Amino acid sequence: MTPTTPRRPCPSSARRRPRPVAGLVAAALTVALTGTGCAALTGDTGTDELQQFLAALSSGDLAGAAALTTDPAAAQETLEANVLAMGFTPTLSAGTPDGDRRPDRDPVTVEITWDMGTAGDDEADNDEADGDEAGSDPAGGTPGTEGAARIVTTTGEARTTRVGEDWKVEWAPTILDTRLEPGGTLAFSEILDYDTSVLDRTGEPLLQWTPVTAVTLAPGAVESADAVAALVNPVVQTITGQTIREGMTEAGDQPYQIVALRPSDIDPIREQLAAVPGVSLPEQGQLIRTDRDLDSPALTGLPDAWTEALQEEGGWTAEIVNPDAEPIELGSAPVGQVDDLVSTLQISMQRAAQQAVDSSALGASIVAIQPSTGGILAVAQNSAADRQGPVSMQGRFPPGSTFKIVTTAAALEAGVVGPDEVVPCPASVTVSGRTIPNDDDFELGPVPLETAFARSCNTSQAVISDRLTPEAMKDTAAKFGLGVGFFAPGLGADTFTGSVPVTEQGPARVEAAIGQGEVLASPFGMAVMTASLANGGRMILPHVVDGMTGDANDAPEPLDPGVVDTLRRYMEQTVRSGTATAANSIPGLGGKTGTAEVGTGPAHGWFVGSTGDIALAVLIEGADSSGPAVSMAAGFLGAAGQPAPLARG
């Protein structure tokens, strides 16, 4: 349960209109002194001190600049307030004084150019609502989006005066702009199209901007924690008096926002909460899930993509806001309309995946991807997996025998084994000093490679791997996208596909060949691998928003088409007569099972496969067999069906 930061109120009208939000943007500020003449300033007039003041601003040293004024405390407070209101840490450059004005006698004009960057190049600042709802505060954004420059200029005046033996800059807010009054401030705001929603691939609303109420406790109201918890716990069961007290400790002397609640949740308890000492209930707007029960690690990055899309078409305004006066506009640009974003996720598939993983008491994860596009269809993990974090997208697990897809592909591409070659499958084999057994010490004798693959013969894979080059498995894995880093709006920056070492001939290579040793992968990575194979051996670019396919940190050549056809034949045989027959009710399914040893505990169970235009990876931690993962995959695929066509926003 992650507390959210306060958000700005949502408009009360039924149709939400674009409105400004304070930006947190990177920008530059150029300062120059201008005069009426052409002679350089001379004499002891405080000019040097004025230049030092501007130089301190140029370096972002607001305290240092304030110290050079006649009122350091007021100067620092005003400078910091205006820099914050304009939304950035400034980079300034001071011009050379020109003209015959003396700052000790006549005001010197200070011209300031405020460059707020371009739309969309801000840093994201997204949080979660209701503790378990994806949320976004579009005060931030996502780097890298180009847009129109946002630049305004203010004109102020500066004087110098003697204070004892020293020259000081005579402090007044009018240094920043002659129209700035005491208590006034410069202000930059973005204007975004909040009517933009995030839809699933069928056009069903997934995330929408919604009015919420923030349940907030004052810093000194810790004694109210239990009373608040008693009221909100029926809505969000993870909130207790203890979690509130822990959150308040972290918040220090700042108000602590406990949770943001929808109108249907807050209305029955609003009066009771308002009566609790220290409680405030500010109204806000937030991007939240339309279905509170729909949860997925794939949803957490969607607010970032939404924010980026809004900021690409965002308007802005920069103003001078003086007390009890109409704002004075310095510059602005109108907001553009943004079409609804269409996610590649399918709500019906997500529900089917969640139902499948929730059927297990062990940590379970499912990731499903559309091979033809790379669009992520569903990502689900149960509560046992949740306790470890977003392991479906970031976990690091040995993939076991599912990695034999890579080992076999490497051997076929290198020509060290033929697609119909007969290979040995003894109960155990010692290769390069490492003894590898089959599960339960089964043996098949000499069999076609297809049979050894379908029956998951460890010993045959160990023999094959001994003939490979050190880089073969790592390079082949990359062709499947395993070990590759992917970057796409909404995908999240911390996804992990896998890591495959370069292995010299010896025990490490033999272990890697069967997905043990140093080979690691996430369910996401194994789904990418399987989808890339189903995509004709061409690495997919996984993404979660239509039209935002992103990029990868590697661009490997595709697999040989003959190798692809062979592997798919082997995988179909695995389901028909091999280790995955429990899933043979799914038409056209091809797959590979895996049992991965982890220390002294029970082994993890894996299944990866594809049918039609859906590829998936299933992991059940500590299952001690691949059987439960095969059954879970069959149940999910039977309920999910095939992906629907993408709607258009």
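Here the residue numbering is sequential within each chain, running from 1 through the sequence in written order. Two thresholds apply to this predicted model, a pLDDT of at least 70 for residue-level local features and 80 or more for giving and counting side-chain atom pairs, whereas whole-chain, interface and lining totals are computed over all residues. Side-chain descriptors were evaluated using all non-hydrogen atoms of the structure, hydrogens and water having been removed beforehand.

### What about the overall build of the protein chain?
Argument step 1. Comment: elements are numbered from the N terminus, with helices defined as DSSP H or I runs of at least four residues and strands as E runs of at least two. Per the secondary structure count, the protein chain includes 19 helices and 31 strands.
Argument step 2. Counting over 649 residues, the protein chain shows a buried share of 54%.
Argument step 3. Between two residues, a contact is recorded if the distance between any of their heavy atoms is within 4.5 Å. Excluding contacts between residues fewer than 6 apart, the proportion of contacts in the protein chain whose partners are at least 24 apart in sequence is 74%.
Argument step 4. Accessible surface, the protein chain as shown: approximately 25,500 Å² in total, 49% of it carbon and sulfur. Using a 1.4 Å probe on the protein chains alone, a residue whose accessible area is under 20% of its type maximum counts as buried, one over 50% counts as exposed, and one in between counts as partly exposed. Working definition of accessibility: Shrake-Rupley area with a 1.4 Å probe, residue cover restricted to the visible protein chains.

### Structural notes on the pattern of salt bridges
Side chains that differ in sign of charge can pair as their charged atoms come close.
Argument step 1. Definition used for salt bridges: Asp or Glu carboxyl oxygen within 4 Å of a side-chain nitrogen of Lys or Arg. Counted by the stated rule, this structure contains 13 salt bridges.
Argument step 2. Between Glu572 and Arg576 there is a salt bridge; the shortest N-O distance is 4.0 Å. A residue pair is termed a helical-turn pair when its members lie 3 or 4 positions apart in one helix, as Glu572 and Arg576 do in helix 18 (residues 561–577) at four residues.
Argument step 3. Using a relative accessible area of 32% as the deciding quantity, one classes Glu572 as partly exposed.

### A short note on the packing of helix 9 (residues 347–358) against helix 19 (residues 627–640)
Argument step 1. Between the N-to-C directions of two axes lies an angle of 0 to 180 degrees, each axis being a line fitted to C-alpha atoms and, for a helix, fitted only over the stretch in contact. Running from N to C, helix 9 and helix 19 cross one another at 155°; their axes reach a closest spacing of 9 Å. For the element pair helix 9 / helix 19, the angle class is roughly antiparallel. Where helix 9 crosses over helix 19, the handedness of that crossing is right-handed. When helix 9 is examined against helix 19, the residues Met349, Ala352, Ala353, Ala356 and Val357 are found in contact with a partner set consisting of Met632, Phe636, Ala639 and Ala640.
Argument step 2. Across the contact of helix 9 with helix 19, the residue classes break down as nine nonpolar, no polar and no charged. Here is the rule for angles: anything less than 35 degrees is roughly parallel, anything more than 145 is roughly antiparallel, 65 through 115 is roughly perpendicular, and the remaining ranges are oblique. Should the near helix be turned counterclockwise from the far one by less than a right angle, the crossing is left-handed, whereas a clockwise turn marks it as right-handed. Three residue categories are used. Nonpolar comprises Ala, Val, Leu, Ile, Met, Phe, Trp, Tyr, Cys and Pro, charged comprises Asp, Glu, Lys and Arg, and polar comprises the others, including Gly.

### Some points on the packing of helix 4 (residues 225–232) against helix 5 (residues 241–251)
Argument step 1. Their axes nearest at 8 Å, the elements helix 4 and helix 5 cross at an angle of 125°. Between helix 4 and helix 5, the crossing angle belongs to the class labelled oblique. Regarding helix 4 and helix 5, the two cross each other, and that crossing is right-handed. Across from Ala225, Asp226, Val228 and Ala229 in helix 4, the residues of helix 5 making contact are Gly241, Ile244 and Arg245.
Argument step 2. For the contact of helix 4 with helix 5, the per-class residue count stands at four nonpolar, one polar and two charged.

### What about the packing of aromatic side chains?
In this description, an aromatic ring pair is defined by two values, namely the gap between the centres and the angle between the planes.
Argument step 1. Centre distance within 6.5 Å is the pairing criterion for rings of Phe, Tyr and Trp, where only the six-membered ring of Trp is used; planes under 30 degrees apart are then read as stacked, over 60 as edge-to-face, and the remainder as tilted. With the rule as written, the count across this model stands at five aromatic pairs.
Argument step 2. Taking the centre distance of 6.2 Å and the plane angle of 65° together, the rings of Tyr194 and Trp306 count as edge-to-face. Note that Tyr194 is positioned in the loop between strand 10 (185–192) and strand 11 (198–199) and Trp306 in helix 8 (residues 302–312), a separation of 112 residues in sequence. In terms of burial, Tyr194 and Trp306 fall into one category: buried.
Argument step 3. Note on Phe453 and Tyr570: the rings are 5.5 Å apart at their centroids and 45° apart in plane angle, and the pair reads as tilted. Here Tyr570 lies in helix 18 and Phe453 lies in helix 13 (residues 449–454), a separation of 117 residues in the sequence. Considered together, Phe453 and Tyr570 belong to a single accessibility category, that of buried residues.

### As for the pairing of strand 22 (residues 428–431)
Argument step 1. Every second residue of strand 22 is oriented toward a common face, the buried set being Val429 and Val431 and the non-buried set Ser428 and Thr430.
Argument step 2. Turn length for the strand 22-strand 23 (residues 434–437) hairpin, with the two strands adjacent in sequence and antiparallel, is two residues, and the turn residue Ser432 shows positive phi of about 50°. In short, DSSP must find at least two bridges between two strands for them to pair.

### A look at the sheet that holds strand 29 (residues 590–598)
Argument step 1. Read from one edge to the other, the open sheet built from five strands follows the order 20-19-31-30-29, with strand pairing classed as antiparallel. Lying at the two open borders of the sheet, with one neighbouring strand each, are strand 20 (376–381) and strand 29. Each neighbouring strand pair of the sheet contributes to a mean axis angle of 10°, computed without reference to strand direction.
Argument step 2. Here strand 29 pairs with strand 30 (residues 601–611) via eight bridges, running antiparallel. Along strand 30, the bridge assignment pairs Gly594 with Trp606.

### So, the state of the cysteines
By definition, a disulfide links the sulfur atoms of two cysteine residues through a covalent bond.
Argument step 1. Cysteine sulfur atoms are paired as a disulfide whenever they fall within 2.5 Å. Taken as a whole and judged by the stated rule, the model has one disulfide.
Argument step 2. Across a sulfur-sulfur distance of 2.0 Å, Cys425 and Cys457 are joined as a disulfide pair. Since a negative S-S torsion denotes a left-handed disulfide, the Cys425-Cys457 link at about 115° is right-handed. Of the two residues, Cys425 sits in the loop between strand 21 (422–423) and strand 22 while Cys457 sits in the loop between helix 13 and helix 14 (458–465), which places them 32 residues apart along the sequence.
Argument step 3. Using a relative accessible area of 0% as the deciding quantity, one classes Cys425 as buried.
Argument step 4. Here Cys457 falls in the buried class, since its relative accessible area comes to 0%.

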